Amino acid sequence: MTAACVISDILRMEKPYRRIVVIPTHTQKIDAVYKRINDERRARVQDILLQVRRNIHTLAYGHHELIDVIRKADDELEHRRQVVMEAVSPTLMDAAITQILTYKDGVCKRMEQMLTPVAPVAPDQPKQRISTLRRYDVLP
């Protein structure tokens, strides 16, 4: 039986007084497993942070105009690493993974926009007009 099942069975007993003494040992087993899960998640987040940092630096390699963007990204990733190291819940660490990947996507997109030359718009070309249509206006 698992430690959680044993504790649950003891607590459901009508007179659990003799068995209550074993609850702390089973609680310690549960805490150890929970700690191991958190440590594995922290290691996974650390790997993702390292990969994200590499991706950002690889994209910016050789472009000196992106130094400020890289510094800000490194500072933000370091802040997120600190948050993960202090997190006590696996759910918070999973949420941090999503936040880190979203942040990386935004930074990479910004960097690509900075590196892409903007084509000038010719003044003789008409501007595109965008209008909003509702479905019930088009298809009655």
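For the structure itself, consult the block above.
Residues numbered from 1 in each chain as written. Predicted model: local features only at pLDDT ≥ 70, side-chain atom pairs only at ≥ 80, totals over all residues. Heavy atoms only, no water.

1. Observations regarding the overall build of the chain
Along the chain, the regular secondary structure elements total 5 helices and 0 strands. Secondary structure elements of the chain, listed N to C terminal, follow the sequence α-α-α-α-α. Rg of the C-alpha trace for the chain: 27 Å, well past the compact-globule value of 14 Å for 140 residues, more than 25% over. When each of the 140 residues of the chain is scored for burial, the buried share is 24%. Intrachain contacts of the chain at a sequence separation of at least 6 include 69% that bridge at least 24 residues. (Helix = DSSP H or I, 4+ residues; strand = E, 2+ residues; numbered from the N terminus. Rg over C-alpha atoms; globule rule 2.2 N^0.38 Å. Buried < 20%, exposed > 50% of the residue type's maximum accessible area, 1.4 Å probe, protein only. Contact = heavy atoms within 4.5 Å.)

2. Overview of the nonpolar core
With 21 residues, the main nonpolar core has Val 45, Val 52, Ile 56, Leu 77, Ile 100, Val 107 and Met 111 as its most contacted residues. At the level of elements, helix H2 (23-59), helix H3 (67-86) and helix H4 (90-115) are the ones that each hand at least two residues to this core. Element by element, the count of residues in this core is highest for H4, at 8 residues. (Core = buried A, V, L, I, M, F, W, Y, C linked by side-chain atoms within 4.5 Å.)

3. Description of H4
In this model, H4 (26 residues) spans 38 Å end to end at C-alpha, consistent with the 38 Å of a helix rising 1.5 Å per residue. Turning to H4, its buried residues are Pro 90, Met 93, Ala 96, Ile 97, Ile 100, Tyr 103, Lys 104, Val 107, Cys 108 and Met 111. If you follow the buried residues of H4, they end up packed against H2 and H3. N-capping of H4 is provided by Ser 89, with a side-chain oxygen placed 3.2 Å from the backbone N of Thr 91. (Expected span 1.5 Å × (residues − 1). Polar contact = N/O pair within 3.5 Å; in protein donor to acceptor, adjacent residues only side chain to side chain.)

4. Section: the packing of helix H1 (residues 3-12) against H2
For the pair H1 and H2, interaxial distance at closest approach is 9 Å and the crossing angle is 145 degrees. In the packing of H1 onto H2, the handedness of the crossing is left-handed. Taking contact as the criterion, the partners of Ala 3, Ala 4, Val 6, Ile 7, Ile 10 and Leu 11 in H1 are, on H2, Ile 23, His 26, Thr 27, Lys 29 and Ile 30. Residue classes in the contact of H1 with H2 are distributed as 8 nonpolar, 2 polar and 1 charged. (Axes fitted to C-alpha atoms, helices over the stretch in contact; angles between N-to-C directions. Left-handed = near helix turned anticlockwise from the far one by under 90°. Nonpolar A, V, L, I, M, F, W, Y, C, P; charged D, E, K, R; others polar.)

5. Here's the deal with the pattern of salt bridges
Under the definition given, this model contains 11 salt bridges. One salt bridge in this structure joins Asp 74 and Arg 53, with 3.4 Å as the shortest N-O distance. Of the two residues, Asp 74 sits in helix H3 while Arg 53 sits in helix H2, which places them 21 residues apart along the sequence. Assessed through its relative accessible area of 22%, Asp 74 is described here as partly exposed. Overall, the relative accessible area of 28% leaves Arg 53 in the partly exposed class. Ionic pairing is found between Asp 68 and Arg 71, a salt bridge with its closest N-O pair at 3.7 Å. (Salt bridge = Lys/Arg side-chain N within 4 Å of Asp/Glu carboxyl O.)

6. Brief notes about the environment of Thr 25
Among the secondary structure elements, Thr 25 is positioned in helix H2. The exposure class of Thr 25 is partly exposed, given its relative accessible area of 40%. For the pair Thr 25 and Val 52, spaced 27 residues apart in the sequence, the C-alpha separation amounts to 41 Å. At a separation of 2.7 Å, a polar atom in the side chain of Thr 25 contacts the main-chain carbonyl oxygen of Val 22.

Remember that the coordinates give geometry; whether it matters functionally is a separate question.
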